[in-house]
Amino acid sequence: MIDFTEINCLERSHTGTIIATGWDTGEVKFHNYPNQNPKAKSDSYYGHSSHLTKVKFSAKDDFLISTGGNDMTVFLWDTDLVD
């Protein structure tokens, strides 16, 4: 299904095992990396009211920081929740 939303930002964890993406919908997605399956499952979390402008892993990959565009907020996501 094509929903025409866009990925605005992407960051790979320092360990190289997770990719985080920030979407127009205000969604943060965590993807296993590397992954050859185009239909692979990802963990999705919502918090921002609109598009994300940046995602960045902390130095030890234990948190992901995301910044929102219109809502002008900064979220701190606990990456222990990610499979």
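Refer to the structure above for everything that follows.
In this text the structure is predicted, and so the values were computed from the model without any measurement.

A. Representation of the packing of aromatic side chains within the structure. Inspection of every chain in the model, using the stated rule, returns 3 aromatic pairs. Ring geometry for Y45 versus W77: centroids 6.1 Å apart, planes at 45°, classification tilted. On the criterion of sequence distance, the pair formed by Y45 in strand β4 (residues 43-46) and W77 in strand β7 (residues 74-78) is long-range, its members being 32 residues apart. On the accessibility criterion, Y45 (23% relative accessible area) is partly exposed. Assessed through its relative accessible area of 12%, W77 is described here as buried. Note on F75 and W77: the rings are 5.6 Å apart at their centroids and 35° apart in plane angle, and the pair reads as tilted. Ring pairs connect the aromatic residues F30, Y45, F75 and W77, which therefore count as one cluster. Lying over the aromatic face of W23, K29 brings its terminal NZ or CZ to 4.4 Å of the ring centre.

B. Broad picture of the pattern of salt bridges. For the structure shown, the criterion picks out 2 salt bridges. The closest approach of N and O atoms between K56 and E11, which form a salt bridge, is 3.6 Å. On the criterion of sequence distance, the pair formed by K56 in strand β5 (residues 52-57) and E11 in strand β1 (residues 7-12) is long-range, its members being 45 residues apart. On the accessibility criterion, K56 (41% relative accessible area) is partly exposed. Owing to a relative accessible area of 14%, E11 belongs among the buried residues under this scheme.

Procedures and definitions
- Numbering of residues begins from 1 in every chain and follows the order in which that chain's sequence is written.
- Local features in a predicted model are, by the rule used here, given only for residues with pLDDT of at least 70; side-chain atom pairs are given and counted only at 80 or more, and totals for whole chains, interfaces and linings are based on all residues.
- Values reported for side chains reflect all heavy atoms of the structure, with hydrogen atoms and water molecules removed beforehand.
- Stacked, edge-to-face and tilted labels apply to pairs of Phe, Tyr and Trp rings (six-membered ring for Trp) whose centres lie within 6.5 Å, assigned for plane angles under 30 degrees, over 60, and everything in between, in that order.
- In this description a helix means any DSSP run of H or I spanning at least four residues, a strand means any run of E spanning at least two, and both kinds are numbered starting from the N terminus.
- Here the term buried applies to any residue with accessible area under 20% of the maximum for its type, exposed to any over 50%, and partly exposed to those in between, with areas from a 1.4 Å probe on protein chains only.
- Two conditions define a charge sitting above a ring: the NZ of Lys or the CZ of Arg must be within 6 Å of the ring centre, and it must be within 35 degrees of the ring normal.
- By salt bridge we mean one thing: a side-chain nitrogen of Lys or Arg within 4 Å of a carboxyl oxygen of Asp or Glu.

Treat this as a map of the structure, not an account of what it does.
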